[in-house]
Amino acid sequence: WATSAHIHENFLQCLSHQVPNSNSFSKVIYTPHNSSYASILQSFIRNLRFTTPVTPKPLVIITPLQEAHIQAAIYCAKEHGMNFRVRSGGHDYEGLSYVSYEVPFVIVDLVYFQSITIDVENSTAWVQAGATIGQLYYRIAEKSKTLGFSAGVCPTVGVGGHFSGGGYGMMSRKYGIAADNIIDARLIDVNGRIHDRKSMGEDLFWAIRGGGGASFGVILAWHIKLVPVPKIVTVFTVNRTLEQNATKLVHRWQYVADKVDDNLLLRLFLRRVNSSTEDGRRTIQASFVSLFLGGVDTLVQLMQESFPELGLVREDCIEMSWIDSILYFADLSGEPLDVLLNRNTSVADYYFKGKSDYATEPISEEGLNRIWKELIAAPIETFEFLFSPFGGRISEISATETPFPHRSGTLYNLHYALVWEEKGSSEFNRHITWIRRFYSFMAPFVSMSPRSAYLNYRDLDLGVNNKGNTSYGQASIWGLKYFGVNFERLAHVKTMVDPGNFFKNEQSIPIL
Ligand code: FDA
């Protein structure tokens, strides 16, 4: 602690030298002695796994008001051997934006970098990294009924982490992921220099669109291309249990969902429920949750041609504006639109662990039956299994265009999410053991060599960096899963822009 206290003092002094005479700066620097330190730290933690007494805590939190504050934080952290974390929305599945297992560390929280400027005429926007996708969607809809953006579903996700890790959502089959629609960015590098696309160069600009921002610098803002949306879109949710033919429907879905008209995205949620039969035994419910960029008549006809087995009828469908569909998919239907501006709606009161896979071949009916058996017998209460279809625009883009390699040949992404509320290490072990076993069980059904994973569903079980420097070979264990053929280029870019490996975390890109 003596060393920490020493570093702490020197770090704080360094900050005050870097931004002299700044009353405002001193007000946004929080140490454990400040009464608001704990609430600032907790404010955007979405997962109780990272709020325990043994979770490492930062020595200092900074909520910068200006770019100069971030430049000072980078300079002083480097000078005084502090690890550095940057947080935008705080949704990282492994808490890497606010937990460092190498201490001491500082968090730069971009909560005051939330400005959004919409340019309707050119169909573009500048959005600062600390804004959420909900705020972005709201600001777009405020200006235009026929523009939108292709990114995730949960409104409180931050654009800083989300866009730099990919960003899949209900319009991704039509327009690609968020990272595919970035046209410029502002970033502070390891030397405190501020860049735009031109000055950072195409290699670094490539790396931050899917390679994760945290390995390369602090992203200040994105310049994005907005996408056209019709005035009326149609949504539906159709639920079917095993007793209602779910196995055949899920099996068929795998042949349809990546090939159907790009205007339609048919997402599939699988949950365990009690069946409505008299014995109330456990069953699996498949929910087909969908967005169609058009009206109900065209949708019903399209579904009759491409997926008649689902039996979709007009009564299942609701026509609405694109922005209302954002509320619908976030389970916020009926709320006033400005709920999208509220960053605190999903502050967690549960423990969460997620994992991911990609399917390149359909799973046979026999395989699905084996999976159902496993899920029905699972000794845990709440899990969700989500299949997100690819195809369309995502698959037209080449695997090397951005670091996100899951393109042509990918049928769908699989997401395994486990949620629990009970405290304690035995509950923790019970849940984590189960999800790890289930992940092993799924191996024969999903992509292999490499067994791919989605960076935005970060999973430290795939492998972590050493405390010192990690070799490219060691990091390849997890790096090839997230980035495939792009991992080597990411390591080259990293070596070029941050040769001292200042921007490091448990799964940052290694230097060569
Ligand atoms: P957070 O602030 O935790 O950052 C995540 C990572 O990015 C960290 O490593 C962090 O250091 C780094 N980072 C953040 N800001 C940065 C910056 N300005 N510069 C450099 N690095 C920065 N995904 C998806 O594709 N579609 C979806 O629909 C959803 N939905 C969803 C719902 C919920 C409830 C959760 C918890 C997560 C999702 N996700 C998702 C996953 C989400 O995309 C992923 O967790 C993002 O990284 C979150 O970005 P945040 O900025 O919120 O996280």
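1. A closer look at the packing of helix α15 (residues 472-483) against helix α16 (residues 487-497)
Between α15 and α16, the least distance of the axes is 9 Å, while the angle of their chain directions is 120 degrees. As judged from the angle between their axes, α15 and α16 are oblique. Together, Y472, A475, S476, W478, G479, L480 and F483 of α15 and F487, E488, L490 and A491 of α16 make up the contact between the two elements. Grouping the constituent residues of the contact of α15 with α16 by class yields eight nonpolar, two polar and one charged.

2. Considering the packing of aromatic side chains
For the coordinates displayed, the defined rule picks out 34 aromatic pairs. Note on Y328 and F329: the rings are 5.1 Å apart at their centroids and 85 degrees apart in plane angle, and the pair reads as edge-to-face. Accessibility assignment for this pair places Y328 and F329 in one class, buried. Cluster of aromatic residues (ring-pair linked, three or more members): W253, F383, F385, F387, Y412, Y416, W434, F438, F441 and F445. The positively charged end of R343 is found above the aromatic ring belonging to F44, 4.6 Å away from the centroid. One Lys or Arg, R451, reaches over the ring of Y439 and ends 3.6 Å from the middle of that ring.

3. Here we look at the pairing of strand β16 (residues 351-359)
In terms of burial, β16 is largely enclosed, as nine of its nine residues are buried. Every second residue of β16 is oriented toward a common face, with Y351, K353, K355, D357 and A359 on one face and F352, G354, S356 and Y358 on the other, all of them buried. Strand direction decides the pairing type here: β16 and strand β18 (residues 412-420), joined by nine bridges, are antiparallel. When the sheet's bridge partners are listed, K353 is paired in β18 with L418.

4. Here we look at the site of the ligand
Close to the ligand lie 30 residues, the nearest being V86, S88, S97, H162 and Y454. Separating an oxygen atom of the ligand from a backbone N or O atom of D92 is a distance of 2.9 Å. Within the contact set of the ligand, a nitrogen atom lies 2.8 Å away from a backbone nitrogen or oxygen of Y168. Summarising the interface, the protein chains cover 92% of the accessible area of the ligand, which totals 950 Å² for the free molecule. At the level of secondary structure, the elements contributing two or more residues to the shell around the ligand comprise β3 (83-87), α6 (159-165) and β10 (218-225). A total of three residues in the shell around the ligand trace back to one element, the largest contributor, which is α6. For the shell around the ligand, a count of residues per class yields 13 nonpolar, 14 polar and three charged. Here the shell around the ligand gathers at least three residues from each of two domains, domain 1 (2-109) and domain 2 (116-228).

5. Re the domain arrangement of the protein chain
For the protein chain, the domain assignment lists domain 1 (2-109), domain 2 (116-228) and domain 3 (233-320 + 348-456). In this structure, domain 1 and domain 2 have C-alpha centres spaced 24 Å apart. Between domain 1 and domain 2 the total buried area reaches about 1,100 Å² when both faces are included, carbon and sulfur atoms providing 63% of it. Connecting domain 1 to domain 2 are one salt bridge. Across the salt bridge formed by R186 and E67, the nearest N and O atoms sit 2.6 Å from each other. Viewed at the interface, domain 2 and domain 1 are joined by five residue pairs in polar contact (both at pLDDT 80 or more). Among the elements of the structure, α4 (67-79) and β3 are those that each provide at least two residues to the side of domain 1 that touches domain 2. In terms of residue count, α4 provides more of the side of domain 1 that touches domain 2 than any other element does, five residues in total. Classifying every residue of the side of domain 1 that touches domain 2 by side-chain character gives four nonpolar, four polar and three charged.

Calculation rules
Residues numbered from 1 in each chain as written. Predicted model: local features only at pLDDT ≥ 70, side-chain atom pairs only at ≥ 80, totals over all residues. Heavy atoms only, no water. Axes fitted to C-alpha atoms, helices over the stretch in contact; angles between N-to-C directions. Helix = DSSP H or I, 4+ residues; strand = E, 2+ residues; numbered from the N terminus. Parallel < 35°, antiparallel > 145°, perpendicular 65-115°, else oblique. Contact = heavy atoms within 4.5 Å. Nonpolar A, V, L, I, M, F, W, Y, C, P; charged D, E, K, R; others polar. Phe/Tyr/Trp six-rings, centres within 6.5 Å; stacked < 30°, edge-to-face > 60°. Buried < 20%, exposed > 50% of the residue type's maximum accessible area, 1.4 Å probe, protein only. Lys NZ or Arg CZ within 6 Å of the ring centre and 35° of its normal. Pairing = 2+ DSSP bridges. Near = heavy atom within 4 Å. Polar contact = N/O pair within 3.5 Å; in protein donor to acceptor, adjacent residues only side chain to side chain. Areas by Shrake-Rupley, 256 points an atom, 1.4 Å probe, with all protein chains shown as cover. Domains from an automatic or database assignment. Buried area = accessible area lost by both parts, 1.4 Å probe. Salt bridge = Lys/Arg side-chain N within 4 Å of Asp/Glu carboxyl O.

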